[in-house]
Amino acid sequence: MPRHLILNGSRHLLPHSPVSRSPRSLSRHLHNVSRTISCNPRSTASAATTALSFPKPRRIIPILQPPSTTHQRGAHTIDAPSSPAAIAPYSPPTTGILARLPASWVPYAELIRIDKPTGTYYLYFPCLFSTLMAAPLATPLATPLSVVSTAALFFGGALVMRGAGCTINDLWDRNLDPHVRRTRHRPLARGAITPFKAVAYTGAQLLTGLGILLQFPTSCLFYGIPSLLFVASYPLAKRVTYYPQFVLGLTFSWGAIMGFPALGVDLLSNSSALSAAALLYASNVSWTVLYDMIYAHMDIKDDAKAGIKSIALKHDADTKKVLTGLAAVQIGLLGAAGMAAGAGPAFFVGSCGGAALALGWMIKRVNLKSVNDCWWWFVNGCWITGGVISLGLGVDYLLRYVEDDGTKTTNED
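Residues numbered from 1 in each chain as written. Predicted model: local features only at pLDDT ≥ 70, side-chain atom pairs only at ≥ 80, totals over all residues. Heavy atoms only, no water.

*Asks:* Requested: an account of the overall build of the protein chain, with residues and values cited.
*Replies:* When helices and strands are tallied, the protein chain shows 18 helices and two strands. Scored against the burial criterion, the 413 residues of the protein chain give a buried share of 43%. Carbon and sulfur atoms make up 64% of the accessible area of the protein chain, which amounts to about 22,400 Å² in all. (Helix = DSSP H or I, 4+ residues; strand = E, 2+ residues; numbered from the N terminus. Buried < 20%, exposed > 50% of the residue type's maximum accessible area, 1.4 Å probe, protein only. Areas by Shrake-Rupley, 256 points an atom, 1.4 Å probe, with all protein chains shown as cover.)

Laid out in structure tokens, this is it:
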């Protein structure tokens, strides 16, 4: 009788019957039992009554399955930090503005987040707010053309300085970013750019920003340069405090001051303008902490593992209460700024009322446990809240400009 070898460390199911089987018959029997178990795992319990048990397997033989058809996100998009799927290696972008650039330019474009402009808009809106609020305070009233040209210059500055801020941030975080799912493919984190080249690139961006700043009145130079201290210190704040969003707010809100000197309003001699600028700045700090707290929830699990501090980690259980408080502070300070600037009903209804509705809707609707939902509200909340505030300020300015122009015409007659 031929002997059938039983492999060491395996479990085989055999019948109780002592009748011998041919090798082919035994093989067919084992195959049928294996198929039964794999199709119905519960059958193992009943099959165990007819099983000969051997030591637990020392080796697991994987069963090949068809490739998954689940859609995989590109390496340059945002994934859930808690996603159990394996992280895909970096792959060059195939869509959007990055796909149209030469390959050697792509890491530098990624470094300044040119494909993710929301940060630029958040940096720009405070500049636009202050420009529209300062326009009626200028002597004479700023013309619509001067307001539009000033706002355009501010947008160029926001685009350049946001890129410089991202580069500085990534230089600080180049050893932390590889541990966070969303940031591990950033150029410095994956080694596509050396720190020396990133520093040189930062210098070029800062010089470009200085060139734009010099297009404004000279007084803007003295107001603008101190903001660089906050730009450089924000990445450090993530290591020492749970409130780095406050430092980010001090940085991103600086434009709320710049619109006044840009239109020739002297903050040191005009107490109303100084009060309006200070209150508007504080309001924007609160807004920055609010939206960045939502943003921080996208990385909350990876931040905890990497030792990165954030307000989202500190107040995870009470985030919506904190967001509500920040929104109330923002709107209250915005209204106070309007009162100091002598704003009319259009501002209080459009800017303050519109912001209250927009923020209340966002806080109620956002799902803080969903990375995609947090990202959606971070991107769209920028336009919704920033848009209604700008609209109210713009309408208020135009009404006051028309009124002033009518008064001049009457006096001339």
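Having seen the structure, we can now continue with the description.
*Asks:* Would you mind going over the confidence of the model for the protein chain in detail, with residue names and values included?
*Replies:* On average, residues of the protein chain score 82 in pLDDT, and 77% of them are at 70 or above. Considering only residues more than four positions removed or in separate chains, one finds that residues 1-20, a stretch of pLDDT under 50, has 35 contacts. (pLDDT = per-residue confidence, 0-100. Contact = heavy atoms within 4.5 Å.)

*Asks:* Please set out the packing of aromatic side chains residue by residue, giving values where relevant.
*Replies:* Any aromatic ring pair is given by two values, namely how distant the centres are and how the planes are angled relative to each other. Scanning the model with the defined rule gives 23 aromatic pairs in all. Measuring from centroid to centroid gives 5.8 Å for F125 and W383, while their planes differ by 85°, and the two rings are edge-to-face. With F125 in helix 5 (residues 118-134) and W383 in helix 18 (residues 371-412), this residue pair connects regions lying 258 residues apart in the sequence. A residue is classified by how much of its surface remains accessible, and F125, at 5% relative accessible area, is buried. Given the relative accessible area of 47%, W383 is considered partly exposed. Members of the aromatic cluster, connected to one another through ring pairs, are Y121, Y122, Y124, F125, F129, F155, W287, Y291, Y295, W375, F378 and W383. (Phe/Tyr/Trp six-rings, centres within 6.5 Å; stacked < 30°, edge-to-face > 60°.)

*Asks:* Hey, could you go over the nonpolar core for me, with residue numbers and the actual values?
*Replies:* Counting residues in hydrophobic clusters, the biggest one holds 78 residues, and the most contacted among them are M133, F260, L290 and I294. Broken down by element, the residue count for this core peaks at 13 residues, all from helix 13 (residues 271-296). Filtering out sequence-adjacent residues up to four positions away, F260 remains in contact with S130, M133, A134, L137, V265, L267, A273, A276 and A277. Among the nonpolar cores identified, the runner-up in size contains five residues, and L171, L188, I193 and A198 belong to it. (Core = buried A, V, L, I, M, F, W, Y, C linked by side-chain atoms within 4.5 Å.)

*Asks:* Account for the pattern of salt bridges, with residues named and values stated.
*Replies:* Enumeration according to the criterion identifies nine salt bridges in this entry. Linking D316 and K369 is a salt bridge whose minimum nitrogen-to-oxygen distance equals 3.7 Å. Of this pair, D316 sits in the loop between helix 15 (311-314) and helix 16 (319-340) while K369 sits in the loop between helix 17 (345-365) and helix 18, and the two are 53 residues apart along the sequence. Overall, the relative accessible area of 70% leaves K369 in the exposed class. One salt-bridge network, held together by shared partners, links R113, D170, D177 and R186. (Salt bridge = Lys/Arg side-chain N within 4 Å of Asp/Glu carboxyl O.)

*Asks:* Could you give me a rundown of a nonpolar patch on the surface, with the residues and numbers involved?
*Replies:* On the surface, W172, L236 and V240 cluster together to form a nonpolar patch covering roughly 290 Å² of accessible area. Note that V240 resides in helix 10 (residues 227-240). The class of V240 is exposed, set by a relative accessible area of 61%. (Patch = residues over 30% accessible without salt bridge, like charges linked within 9 Å, V, L, I, M, F, W, Y side chains within 5 Å.)

*Asks:* How would you sum up helix 12 (residues 255-262)? Please name residues and give values.
*Replies:* With eight of eight residues buried, helix 12 is to be regarded as a mostly interior element. For helix 12, the full list of buried residues reads G255, A256, I257, M258, G259, F260, P261 and A262. Packing partners of the buried residues in helix 12 comprise helix 5, helix 6 (144-172), helix 8 (195-213), helix 9 (219-224), helix 11 (244-252) and helix 13. Backbone geometry just downstream of helix 12 places G264 in the positive-phi region, at approximately 85°.

*Asks:* Quick one: what's the story with the side chain of T150, residue by residue and with numbers?
*Replies:* Along the chain, T150 falls in helix 6. Classification of T150 by relative accessible area gives buried; the value is 8%.

*Asks:* Before we move on, can you summarise unusual backbone geometry with the specific residues and values?
*Replies:* Along the chain, T139 connects to P140 via a cis peptide bond; the corresponding omega equals -5°. By the element assignment, P140 lies in the loop between helix 5 and helix 6. Unlike most non-glycine residues, R113 shows phi in positive territory, near 55°. If you trace the backbone, R113 turns up in the loop between helix 4 (106-111) and helix 5.

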